[in-house]
Amino acid sequence: MQTSVAPKNKVDFLNVIRFIAFIIVFCLHAKNFAPQAWNQTRFPWLTYTPAWAGVWIFFILSGYGTGAGFFSGRYEIKDLRDIGKFWWGRFKKIAPMYYLYIGFVMLFVTPTLLVPNKEHLVLIGKLLFFIYDPRVDNYGLGIVWYLCTLIKLYFLAPVIWMFMKRILTTRRRTMLTMILLVAGGLCLRLLARYIMQKTGAGAWHIDVYKPFYFNLDFFAVGFCISRLRGLERRQKGAGWKRWLSFISLIVLILYNNKIYYTASILQRHIESQNLFENYWMIYQDLLPSLYCIIILCIIKFWDIDREYEYEKFSLKMVWHNPLRIFDKFPAVLMTCYLFHANVLKALSGVIASQYVKTDAFTTHLIQMIAAFFVTLTGALLISRLNHKN
């Protein structure tokens, strides 16, 4: 975004949102290694964070970044060579860490996958080509589904661009397209639930949550809102809208925590006929669209409507504005996402044995803090080595 205002030492707020999205993924996975007494503590629902929502947020922001690249002219699609160039750029961004993680898990976590047989060869072959198979969950590789889905969405990005540039010619058309995408995603998820209930076949976390076509609305709507950068001027006096959108996200996450805990642990209202008590349907089918709307508002008010550019990141800038530290997080996000569960598993037993007499809340808090900083440190080291190479 071109502005006449001098650059400011402010944090890119979308990087704060990326950090929050990772934290809600991290906290839920950390819950899997919590002491058994954790659910008897005062606020056990706090760690039942909506990890699914964290991934939805990642998809929206990925779509927004990709769309901004196309609409700004950074990515040009004139012929098949340009499409290939774009795909190669996305592949180079994802593949090194993806393959490094798969190799690490197969060598040091579940080497049984290297035992030669038909099933293992098929699974390894699929992984090499970014094809997720639910059976890899049994070998500690379930987390790679996100990158397998993301690479497919990037593969579709040039097609989305060619369609969007013809449709999104005015602000009104752009807004209408976003409404249709959000509504379409909601209808598609509700239809999937209806079919699964009628047939008794399928599993939501495999057949709805992970396939790229059920996440296409998140990516496409993020792609779509990036068009507003060139169609409207910044709206002045948007400060209260910014904070309202952010507070709405935090409130939604906390509400999501509560209903997730209630449905999964207390086993209440799992299939209630009352819409407001059918917590699984609310979380899995209704809240995705609400997250989508709130993140779109955050993008609009915090990024599209800003009147300044960001000063180049440096440690000096962090000294004057500590929030700038979040601007370094995207560089290590993928590494943190892939390896955090392994770090949690490795540290959980060690810390639990050292704090046998400590209450469950304190023990789990120590586990999470230690695992987070170990993960972050390792990701920073890998990033530094990768940057040097």
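All values reported here derive from a predicted model rather than from experimental measurement.

Parameters and conventions
- Residues numbered from 1 in each chain as written.
- Predicted model: local features only at pLDDT ≥ 70, side-chain atom pairs only at ≥ 80, totals over all residues.
- Heavy atoms only, no water.
- Core = buried A, V, L, I, M, F, W, Y, C linked by side-chain atoms within 4.5 Å.
- Buried < 20%, exposed > 50% of the residue type's maximum accessible area, 1.4 Å probe, protein only.
- Contact = heavy atoms within 4.5 Å.
- Axes fitted to C-alpha atoms, helices over the stretch in contact; angles between N-to-C directions.
- Helix = DSSP H or I, 4+ residues; strand = E, 2+ residues; numbered from the N terminus.
- Parallel < 35°, antiparallel > 145°, perpendicular 65-115°, else oblique.
- Nonpolar A, V, L, I, M, F, W, Y, C, P; charged D, E, K, R; others polar.
- Phe/Tyr/Trp six-rings, centres within 6.5 Å; stacked < 30°, edge-to-face > 60°.
- Salt bridge = Lys/Arg side-chain N within 4 Å of Asp/Glu carboxyl O.
- Disulfide = S-S within 2.5 Å.
- Lys, Arg positive; Asp, Glu negative; His and termini not counted.
- Left-handed = near helix turned anticlockwise from the far one by under 90°.

Student: What is the right way to look at the nonpolar core in this model?
Tutor: Nonpolar side chains in soluble globular proteins tend to end up buried together. Counting 118 residues, the largest nonpolar core has Ile17 and Val144 as its most contacted members. What isoleucine 17 contacts, discounting residues up to four positions off in sequence, is Ile57, Leu61, Phe246, Leu249, Ile295 and Ile298.

Student: Help me understand the packing of helix H6 (residues 171-199) against helix H8 (residues 216-225), please; the structure alone is not making it clear to me.
Tutor: When two helices pack together, you describe them by how their axes are tilted relative to each other and by the distance separating the axes. Running from amino to carboxyl end, H6 crosses H8 at an angle of 170°, the nearest separation of the two axes being 9 Å. Between H6 and H8, the angle falls in the class roughly antiparallel. Facing Thr174, Thr177, Met178, Leu181, Val182, Gly185 and Arg189 of H6, the residues of H8 in contact are Asp217, Phe218, Ala220, Val221, Cys224 and Ile225. Considering only residue class, the contact of H6 with H8 consists of eight nonpolar, three polar and two charged.

Student: Teacher, can you tell me more about the packing of aromatic side chains here?
Tutor: How two aromatic rings sit relative to each other is set out by the distance from centre to centre and by the angle between their planes. Tallying each qualifying case throughout the model produces 53 aromatic pairs. On the basis of an interplanar angle of 40° and a centroid distance of 5.9 Å, the ring pair of phenylalanine 22 and phenylalanine 26 is categorised as tilted. Taken together, the residues span about one helical turn, with phenylalanine 22 and phenylalanine 26 both in helix H1 (residues 13-31) at a distance of four residues. Residue phenylalanine 26 is classed as buried on the basis of its relative accessible area of 3%. Judged by centre distance (4.1 Å) and plane angle (15°), the ring pair of tryptophan 87 and phenylalanine 155 falls under stacked. Of this pair, tryptophan 87 sits in helix H3 (residues 80-109) while phenylalanine 155 sits in helix H5 (residues 145-167); the two residues are 68 residues apart in sequence, bridging distant segments of the chain.

Student: What is the right way to look at the pattern of salt bridges in this model?
Tutor: Side chains that differ in charge, positive against negative, can pair when their charged atoms come close. Counted under the stated rule, the structure contains 12 salt bridges. Aspartate 133 is paired through a salt bridge with arginine 135; the nearest N and O atoms lie 3.0 Å apart. For aspartate 133, a relative accessible area of 7% corresponds to the buried category. Notably, a salt bridge pairs aspartate 327 with arginine 324, separated by 2.6 Å at the nearest N-O pair. The residues aspartate 327 and arginine 324 share a single accessibility class, namely buried. A single salt-bridge network, built from bridges that share partners, covers Arg229, Asp303, Arg306 and Glu309.

Student: What is the right way to read the state of the cysteines from this model?
Tutor: By definition, a disulfide links two cysteine residues through a covalent bond between their sulfur atoms. A full pass over the atoms with the stated rule returns zero disulfides. Cysteine 292 carries a free sulfur, and the closest cysteine sulfur to it, the one in cysteine 297, is 10 Å from it.

Student: What should I look at first to understand the side chain of aspartate 82 in this one?
Tutor: Within the secondary structure, aspartate 82 is located in helix H3. No salt bridge is formed by the buried aspartate 82; its nearest oppositely charged neighbour, lysine 85, is found at 6.0 Å. Not counting residues within four places of it along the chain, the set of residues in contact with aspartate 82 comprises Glu76 and Ile77.

Student: Sorry if this is basic, but what is going on with the packing of helix H9 (residues 239-264) against helix H10 (residues 279-304) here?
Tutor: Where H9 contacts H10, the axes come no closer than 9 Å and their chain directions differ by 165°. Looking at the two axes, H9 sits roughly antiparallel to H10. Two packed elements cross with a definite hand, and for H9 against H10 that hand is left-handed. Of the residues in the contact of H9 with H10, the class split is 22 nonpolar, five polar and two charged.

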